[in-house]
Amino acid sequence: MAQSVVPATGASAITPISAKAIAPWAVFFGILMLVLLYFVGAEQGATALIAGEGVHEWVHDGRHLLGFPCH
């Protein structure tokens with residue numbers, strides 16, 4: 001049990017990530033979250049993009065969990 005997981009030199013192996021590297025991913029996930037929020041909160045309402053009850057049934061419990069009325 002004399003083995004150590006931490007480097008003996010004391011140097012950190014963690015490298016910082018720049019904001020330029022994170023920005024495209026942040027924008028992508030932000031847009032993805034807005035699309036998901038639309039489908040959970042507003043689809044099958046006045047602004048329905050997809051006809052029928054399919055989307056409503058898939059996100060029904062999520063609507064109630066997030067406090068969106070649907071009945």
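Residues numbered from 1 in each chain as written. Predicted model: local features only at pLDDT ≥ 70, side-chain atom pairs only at ≥ 80, totals over all residues. Heavy atoms only, no water.

Enquirer: Is there a simple way to explain the environment of His56 in this structure?
Expert: Position of His56 relative to the elements: it lies in helix α2 (residues 54-66). Here the alpha-carbon distance between His56 and Gly41, two residues 15 residues apart in the chain, equals 9.6 Å. (Helix = DSSP H or I, 4+ residues; strand = E, 2+ residues; numbered from the N terminus.)

Enquirer: I'm lost on the environment of Gly62 in this one. Help?
Expert: Here Gly62 lies in helix α2. Taking the C-alpha atoms as reference, Gly62 lies 6.6 Å from Val40; in sequence the two are 22 residues apart.

Enquirer: Can you walk me through the packing of aromatic side chains in this structure?
Expert: Scanning the model with the defined rule gives three aromatic pairs in all. Between the aromatic rings of Trp25 and Phe28, the centroid separation amounts to 6.3 Å while the plane-to-plane angle is 90°, which identifies the pairing as edge-to-face. Of this pair, Trp25 and Phe28 both sit in helix α1 (residues 19-41), separated by three residues, roughly a single helical turn. The exposure class of Phe28 is partly exposed, given its relative accessible area of 44%. What links up through ring pairs into an aromatic cluster is the set Trp25, Phe28 and Phe29. (Phe/Tyr/Trp six-rings, centres within 6.5 Å; stacked < 30°, edge-to-face > 60°. Buried < 20%, exposed > 50% of the residue type's maximum accessible area, 1.4 Å probe, protein only.)

All quantities given are derived from atomic positions and should not be read as evidence of function.
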